[in-house]
Every structure is written in structure tokens, then in C-alpha cells.
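Structural overview for review
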Amino acid sequence: MSLLIQEVPAIDAPMDLLLLADPSQDKVRSYLSSSKCFVASIGEIVVGACVVQPYGTDAHELMAIAVHPAHQKSGYGTVLLKWVVDFFRKSGARQLEVGTGTFGYQLAFYQRQGFRVTSIDHDFFVKNYPEPIFEDGIQLFDMLRLTLRY
Ligand SMILES: CC(C)(COP(=O)(O)OP(=O)(O)OC[C@H]1O[C@@H](n2cnc3c(N)ncnc32)[C@H](O)[C@@H]1OP(=O)(O)O)[C@@H](O)C(=O)NCCC(=O)NCCS
């Protein structure tokens with residue numbers, strides 16, 4: 001069965017999946033209502049989700065992207081990211097941004113699709129989250145901002 005990607009209203013956003021990408025439910029709720037939410041499903045099962053918020057006139061920020069752990073490393077995240085990049089290209093966007101940690105496989109995941117590092121937000125993860133965030137046993141401090149210019 002093939003992957004179906006479609007936009008859903010914020011109320012139907014799969015919070016459990018989005019929390020894999022952004023551990024603060026308050027933060028996710030704060031940007032959901034002003035963003036577009038896309039879900040990827042196989043039949044009735046939602047396997048992935050992505051939230052994109054507009055800023056300025058023709059720029060957008062990918063706020064969260066996640067694939068259910070049982071379905072990761074099967075190519076779905078790449079298909080969803082490519083689909084979203086293409087969706088905003090067709091809408092006439094000038095650029096798509098994303099913020100991510102300074103290490104880990106996510107960096108290659110974005111750069112494979114043409115995202116380039118444009119700045120570093122020092123201490124972003126300690127200033128913006130109440131609890132320390134760890135990945136692969138390493139605490140996340142700084143956020144890299146990556147930009148895809150169309
Ligand atoms: C990032 C994410 C959306 C990618 O989705 P996915 O469906 O697993 O991605 P793909 O199967 O298309 O794989 C893309 C690459 O990431 C790698 N990858 C995916 N999950 C991985 C993991 N847990 N550990 C190491 N590498 C991983 C894949 O091996 C693949 O690399 P390769 O082509 O060299 O083999 C998904 O792993 C996820 O939900 N992660 C948790 C949430 C998150 O970190 N979101 C991004 C926040 S910045």
C-alpha cells in the first residue's frame with residue numbers, strides 16, 4: 001500500500017508523533033494553529049507528520065517532522081520531507097527553514113534535500129525548554145538553522 005500525504009486541520013494533528021520532534025506540548029500547541037499540518041498515512045495508519053509555519057511574505061519554517069518509531073528508517077521521512085519541499089516550491093515560496101540540533105542523523109536528512117546551514121542559535125535548547133534534552137546521551141545546547149533557498 002502506498003504512502004498518502006495530505007494536509008489536515010490543526011485539531012487533527014497527531015500530537016504523539018509531533019512530540020517526537022519537539023518535546024514541549026505547549027510549544028507545539030503554540031505554533032499549530034498558525035501552521036499547516038501534513039500527515040503521511042498507509043491505509044488507516046498515520047505513520048508520519050510535519051508542521052510548517054509561514055513567516056514573512058514568502059518564507060516558511062518547518063517546525064516539526066516525525067515518523068512513528070515502528071516505521072522509521074523505511075524511507076517515509078524522506079518521502080514526506082521531499083513532498084513538503086515540493087509543496088512550498090509550487091506555492092511560490094522563496095525559502096524553507098528548519099532548526100535542528102548540532103549533531104545526529106537529522107543533519108544529513110535535511111542536507112540531502114538541499115538545506116544549508118545558515119546560522120547557529122547558541123543555547124537555544126536550554127533557553128527555550130524547561131528540561132534538558134538529550135540525544136544519543138549528549139545534551140542538546142545549540143540549534144543549527146538550515147535554509148533551503150528555492
Ligand atoms: C527524522 C525522521 C523524521 C526521519 O524519518 P525516517 O522515516 O526515519 O527517515 P528515512 O527512513 O527516510 O531515513 C533518512 C535517513 O535517516 C536515517 N535514520 C532515520 N532514523 C534514524 C535513527 N533513529 N538513527 C540513525 N539514523 C536514522 C536513515 O537511516 C536514513 O539514512 P540513510 O539514507 O543513510 O540510510 C525520523 O527519524 C524521526 O521521526 N525522528 C524523531 C523525530 C526527529 O528527530 N525529528 C526531526 C527533528 S529536527
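Now for a look at the structure at hand. (Residues numbered from 1 in each chain as written. Predicted model: local features only at pLDDT ≥ 70, side-chain atom pairs only at ≥ 80, totals over all residues. Heavy atoms only, no water.)

**Focus: the side chain of Arg145**
Its place among the elements puts Arg145 in strand E9 (residues 143–149). Within the structure, Arg145 has its side chain in polar contact with the side chain of Glu61 (distance 3.1 Å). (Helix = DSSP H or I, 4+ residues; strand = E, 2+ residues; numbered from the N terminus. Polar contact = N/O pair within 3.5 Å; in protein donor to acceptor, adjacent residues only side chain to side chain.)

**Some remarks on the packing of aromatic side chains**
Scanning the model with the defined rule gives ten aromatic pairs in all. Ring pairs connect the aromatic residues Phe38, Trp83, Phe87 and Phe88, which therefore count as one cluster. Here the guanidinium or amino end of Lys27 rests over the ring plane of Tyr129, the centre of that ring lying 5.1 Å away. (Phe/Tyr/Trp six-rings, centres within 6.5 Å; stacked < 30°, edge-to-face > 60°. Lys NZ or Arg CZ within 6 Å of the ring centre and 35° of its normal.)

**Some remarks on helix H3 (residues 76–90)**
Owing to its 3.6 residues per turn, the α-helix brings residues three or four apart onto one side. In this model, H3 (15 residues) spans 21 Å end to end at C-alpha, consistent with the 21 Å of a helix rising 1.5 Å per residue. For H3, the complete set of buried residues consists of Gly77, Leu80, Leu81, Val84, Val85 and Phe88. Buried residues along H3 cover an arc of 135 degrees about the axis, so they all sit on one side. After H3 finishes, the residue Gly92 shows a positive phi value of roughly 90 degrees. (Expected span 1.5 Å × (residues − 1). Buried < 20%, exposed > 50% of the residue type's maximum accessible area, 1.4 Å probe, protein only. Arc of directions from axis to C-beta.)

**Some details on the site of the ligand**
What surrounds the ligand is a group of 18 residues, the closest being Ile65, Val67, Gly75, Gly77 and Thr78. Within the side chain of Gln72, a nitrogen or oxygen atom sits 3.4 Å from an oxygen atom of the ligand. Considering the ligand on its own, with 890 Å² of exposed area, one finds that the protein chains cover 73% of that surface. Those elements that place two or more of their residues in the shell around the ligand are helix H1 (15–21), strand E4 (59–67), H3 and helix H4 (105–111). Its residues assigned to classes, the shell around the ligand shows nine nonpolar, seven polar and two charged. (Near = heavy atom within 4 Å. Areas by Shrake-Rupley, 256 points an atom, 1.4 Å probe, with all protein chains shown as cover. Nonpolar A, V, L, I, M, F, W, Y, C, P; charged D, E, K, R; others polar.)

Don't take any of this as a statement about function, it's just geometry.
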